[in-house]
Amino acid sequence: MKMKDLSSVKTASINARPSPMGTHQSLPRHQRNSSQFFPHDILNDEGDSLNEMTSTPQTPSPPPRTALPPVPQTENKDRAATPTARPNPITPDPEEEMPPVERTTECTHPNVVGDDEEMLDQAPPLTTTTTTPNAHQPANTTPPSEEELLRAHLAVAEINRSIIKSNGINSLTVIPQFTPIPMNGFPRIHLAHTVQLFDFQGAKTITAWLKVLNPKVLIRVFDHDRKNPSIKGPILVEHLQKAISNIAKAVLQDDQEVKVSLPCPETIKEETDHPLSFLAYNISEEMKNLILDQRIWSSTEITFVAHPFQINAPPLLLFCLQGFSTMDINTVRAVVHDMWVEDVTMWDITDILFESEIPDKQIHSTVWDFVNSLWVERLDFKVSGGILLPHYNIFAVSPMNKPAVWTKLRAYLHSLTYPSELEGSGTSVNSIPCPLCHSIAHPHGLCPFPNVPLWNGPKHNVNPKPSNGNQRGRGRGRRTFAG
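Residues numbered from 1 in each chain as written. Predicted model: local features only at pLDDT ≥ 70, side-chain atom pairs only at ≥ 80, totals over all residues. Heavy atoms only, no water.

S.K.: Describe the pattern of salt bridges, with residues and values.
M.R.: Per the counting criterion, the structure on display carries five salt bridges. One salt bridge in this structure joins Lys232 and Asp225, with 2.9 Å as the shortest N-O distance. In this structure Lys232 comes out as partly exposed when scored by relative accessible area, which is 30%. Overall, Asp225 belongs to the partly exposed group, its relative accessible area being 38%. For the salt bridge of Arg378 with Asp380, the shortest nitrogen-to-oxygen distance reads 2.7 Å. The exposure class assigned to Arg378 is partly exposed, which follows from its relative accessible area of 35%. (Salt bridge = Lys/Arg side-chain N within 4 Å of Asp/Glu carboxyl O. Buried < 20%, exposed > 50% of the residue type's maximum accessible area, 1.4 Å probe, protein only.)

In structure tokens form, the structure reads like this:
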């Protein structure tokens, strides 16, 4: 077998490395199954196979030659017509062999240094020209019958339907009458304590709700003022049942006879003592998960928030501070953090946590985790004249779930004073619950929900009634009196 034209660079490379016609060895270059120095048509035209390439040839390596002009195609045809006779235990199919040399691309100029790399990238692996022996083929197995295959798929059909309903595109479909989930999610609603959802609820009602079988969810209606519960209660129940049924039809394509239980107080002392939570039940597990995943459902008829029927984790909001002159939340956080890490405060916090379920060996690290979880949010309160009087909500992740210990820890931190050298001194104030979303983190005027895009629920009062001091009102009064 003769080699094609090689440059002086290729000649030096051949002298420095073993000939590819010799014993096959790994080289310090990219390993390929094809030829390292020949175009991909030469070996295929001569009928070389994988077994022939791995065997040691009888012909010696050709001597190096100087660069010659490209060989015309007629010479290539002559070579292809007289291949070297070699034993070939596996006779390839003539239809699978490579076509004649005319289909190959002519070699690039021999003086180009990158020729070897280009040939390595273009040459196909030799395994494509060989046939696989029957000994390596897997044994034939009897395929399952049509009945067995159908029963196998029917066995998991219910599971697959459930996945499609709960996790498929239908669960992400926007229902036109409800506000879609914003990009950053709906604002968080902060509770005062772990069981605030059951505040002022009668003991018999709570017992009856506990006996209701799952799935079930707790619901609180936005802008529910607790007034006239005997009249407004049944109306809200009808709106809730209709809203949940519409969600089931739109998303799950399912008609569900949703039931809603009214809140019922034990005894009513004041109008503000009336409970706010409703119980929705007689729904499917998919419906429960769907309602809880979106959490906030706002339409023009009713807006509500859904909570799981369980004891919540301790609230993140600890207390609210006022008295700082700064508007920078990082400054307020530094003041609170410095107070918490003082020796006396750290000892008191540690003593309180010793009463919790936390192991004694982990108390020290748990205290630091609690302190470092601190973050602050600002509320832009305004007084007469439009002057800002900022309030700051203090948040931290509770290190335990024992309600009595958490209440004691929050009361202790609430009682502290947080002085600053330049920005005033912060003291705790009572939280003002929002009548729209019932969160304790902000008052009515600072509720973030009316600012949600495409919000359908209750909004801020943008057009308040004119006061008695209005000039137009006084003028009408004087004219009426004079007449």
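S.K.: Can you explain the sheet that holds strand 5 (residues 303-308)? Please cite residues and give values.
M.R.: Spatial strand order, 2-3-1-5-4: five strands in an open sheet with antiparallel pairing. Looking along the sheet, the strands with just one partner apiece sit at the ends: strand 2 (259-261) and strand 4 (296-298). Looking at each pair of strands side by side, their axes are set apart by 30° on average, direction ignored. Relative to strand 3 (residues 277-281), strand 2 runs antiparallel, the two sharing three bridges. Each bridged residue has a counterpart across the sheet, and for Val260 the counterpart in strand 3 is Ala280. Strands strand 1 (216-221), strand 4 and strand 5 of the sheet are contacted by helix 10 (residues 285-294), whose axis makes an angle of about 115° with strand 5. (Pairing = 2+ DSSP bridges. Helix = DSSP H or I, 4+ residues; strand = E, 2+ residues; numbered from the N terminus. Axes fitted to C-alpha atoms, helices over the stretch in contact; angles between N-to-C directions. Contact = heavy atoms within 4.5 Å.)

S.K.: Help me get a handle on helix 12 (residues 343-353), residues and values and all.
M.R.: Taken residue by residue, helix 12 has Thr345, Met346, Ile349, Thr350, Ile352 and Leu353 as its buried positions. Mapping the buried residues of helix 12 onto a view down its axis gives an arc of 160°, with all of them on the same face. With respect to the buried face of helix 12, the exposed residues turned more than 90 degrees away are Asp343, Val344 and Trp347. Its buried side turned inward, helix 12 meets helix 11 (329-340), helix 13 (363-372) and helix 14 (403-415). (Arc of directions from axis to C-beta.)

S.K.: Can you tell me about the side chain of Ser245, naming the residues and giving the values?
M.R.: The residue Ser245 is located in helix 9 (residues 229-252) in this model. Every residue in contact with Ser245, bar those within four places of it in the chain, is listed here: Gln256 and Val258.

S.K.: Residue-level account of helix 11, with values.
M.R.: Between its first and last C-alpha atoms helix 11 spans 16 Å; for 12 residues at 1.5 Å apiece the expected length is 16 Å, and the two agree. The N-terminus of helix 11 is capped by Asp328, whose side-chain oxygen sits 3.3 Å from the backbone nitrogen of Asn330. (Expected span 1.5 Å × (residues − 1). Polar contact = N/O pair within 3.5 Å; in protein donor to acceptor, adjacent residues only side chain to side chain.)

S.K.: Could you give an account of the sheet that holds strand 7 (residues 375-382), with specific residues and numbers?
M.R.: Here we have five strands laid out as an open sheet, ordered 7-8-6-10-9, and antiparallel in their pairing. In this open sheet, the two edge strands, each paired with only one partner strand, are strand 7 and strand 9 (418-419). Pairing of strand 6 (residues 317-324) with strand 8 (residues 388-395) involves five bridges; the strand directions are antiparallel. Across the sheet, Gln322 pairs through a bridge with His391, a residue of strand 8.

S.K.: Got a sec to walk through the packing of helix 12 against helix 14? Specific residues and values, please.
M.R.: For the pair helix 12 and helix 14, the least separation of the axes is 9 Å and the interaxial angle reads 165°. By the angle between their axes, helix 12 is roughly antiparallel relative to helix 14. In this structure, helix 12 crosses over helix 14, and the sense of that crossing is right-handed. On helix 14, the residues that touch Val344, Thr345, Asp348, Ile349, Ile352 and Leu353 of helix 12 are Val405, Lys408, Leu409, Tyr412 and Leu413. Looking at side-chain class alone, the contact of helix 12 with helix 14 contains eight nonpolar, one polar and two charged residues. (Parallel < 35°, antiparallel > 145°, perpendicular 65-115°, else oblique. Left-handed = near helix turned anticlockwise from the far one by under 90°. Nonpolar A, V, L, I, M, F, W, Y, C, P; charged D, E, K, R; others polar.)

S.K.: Describe in detail the environment of Asn430, supporting the description with residues and values.
M.R.: Within the secondary structure layout, Asn430 lies in the loop between strand 10 (424-429) and helix 15 (471-482). Counting along the chain gives 16 residues from Asn430 to His414, while the straight-line C-alpha distance between them is 10.0 Å.

S.K.: Tell me about the packing of helix 11 against helix 13, residues and numbers included.
M.R.: Where helix 11 contacts helix 13, the two axes come as close as 10 Å, and the packing angle between them is 165°. Taken together, the axes of helix 11 and helix 13 are roughly antiparallel relative to one another. When you trace helix 11 past helix 13, the crossing you get is right-handed. Taking contact as the criterion, the partners of Arg333, His337 and Trp340 in helix 11 are, on helix 13, Phe370, Val371 and Asn372. Per-class residue counts for the contact of helix 11 with helix 13 are three nonpolar, two polar and one charged.

S.K.: Please give an account of a nonpolar patch on the surface that cites residues and values.
M.R.: A contiguous nonpolar surface patch, about 240 Å² in accessible area, is contributed by Val383, Ile387 and Leu389. Residue Ile387 is classed as exposed on the basis of its relative accessible area, which comes to 52%. (Patch = residues over 30% accessible without salt bridge, like charges linked within 9 Å, V, L, I, M, F, W, Y side chains within 5 Å. Areas by Shrake-Rupley, 256 points an atom, 1.4 Å probe, with all protein chains shown as cover.)

S.K.: Outline the nonpolar core, listing residues and values.
M.R.: Trp340, Leu413 and Tyr418 are the most contacted members of the largest nonpolar core, which totals 31 residues. Looking at this core, the elements that each hand over two or more residues are strand 6, helix 11, helix 12, helix 13, strand 8 and helix 14. When sequence neighbours within four positions are dropped, the list of residues in contact with Tyr418 reads Phe319, Leu321, Phe324, Val335, Val336, Met339, Trp340, Leu413, Gly424, Ser425 and Gly426. Among the nonpolar cores identified, the runner-up in size contains 26 residues, and Ile219, Ile283, Ile291 and Ala306 belong to it. (Core = buried A, V, L, I, M, F, W, Y, C linked by side-chain atoms within 4.5 Å.)

S.K.: Residue-level account of the pairing of strand 7, with values.
M.R.: One ladder, built from eight bridges, connects strand 7 with strand 8; its direction is antiparallel. If you follow Lys382 over to strand 8, its bridge partner there is Leu388. Hairpin connection, strand 7 to strand 8: the antiparallel pair is bridged by five residues, and Gly385 has positive phi, about 90°.

S.K.: Mind laying out the packing of aromatic side chains, listing which residues take part and the relevant values?
M.R.: On inspection of all chains with the given rule, the structure shows nine aromatic pairs. A centroid spacing of 5.8 Å and a plane angle of 20° characterise the contact between Phe319 and Tyr418, whose relative ring orientation is stacked. Of the two residues, Phe319 sits in strand 6 while Tyr418 sits in strand 9, which places them 99 residues apart along the sequence. Taken individually, Phe319 and Tyr418 each receive the classification buried, so the pair is uniform in this respect. With a centroid separation of 5.5 Å and 40° between ring planes, the pair formed by Phe449 and Trp455 is classed as tilted. Ring pairs connect the aromatic residues Phe222, Phe449 and Trp455, which therefore count as one cluster. Lys216 extends its terminal NZ or CZ atom over the ring of Phe309, reaching a point 4.4 Å from the ring centre. (Phe/Tyr/Trp six-rings, centres within 6.5 Å; stacked < 30°, edge-to-face > 60°. Lys NZ or Arg CZ within 6 Å of the ring centre and 35° of its normal.)

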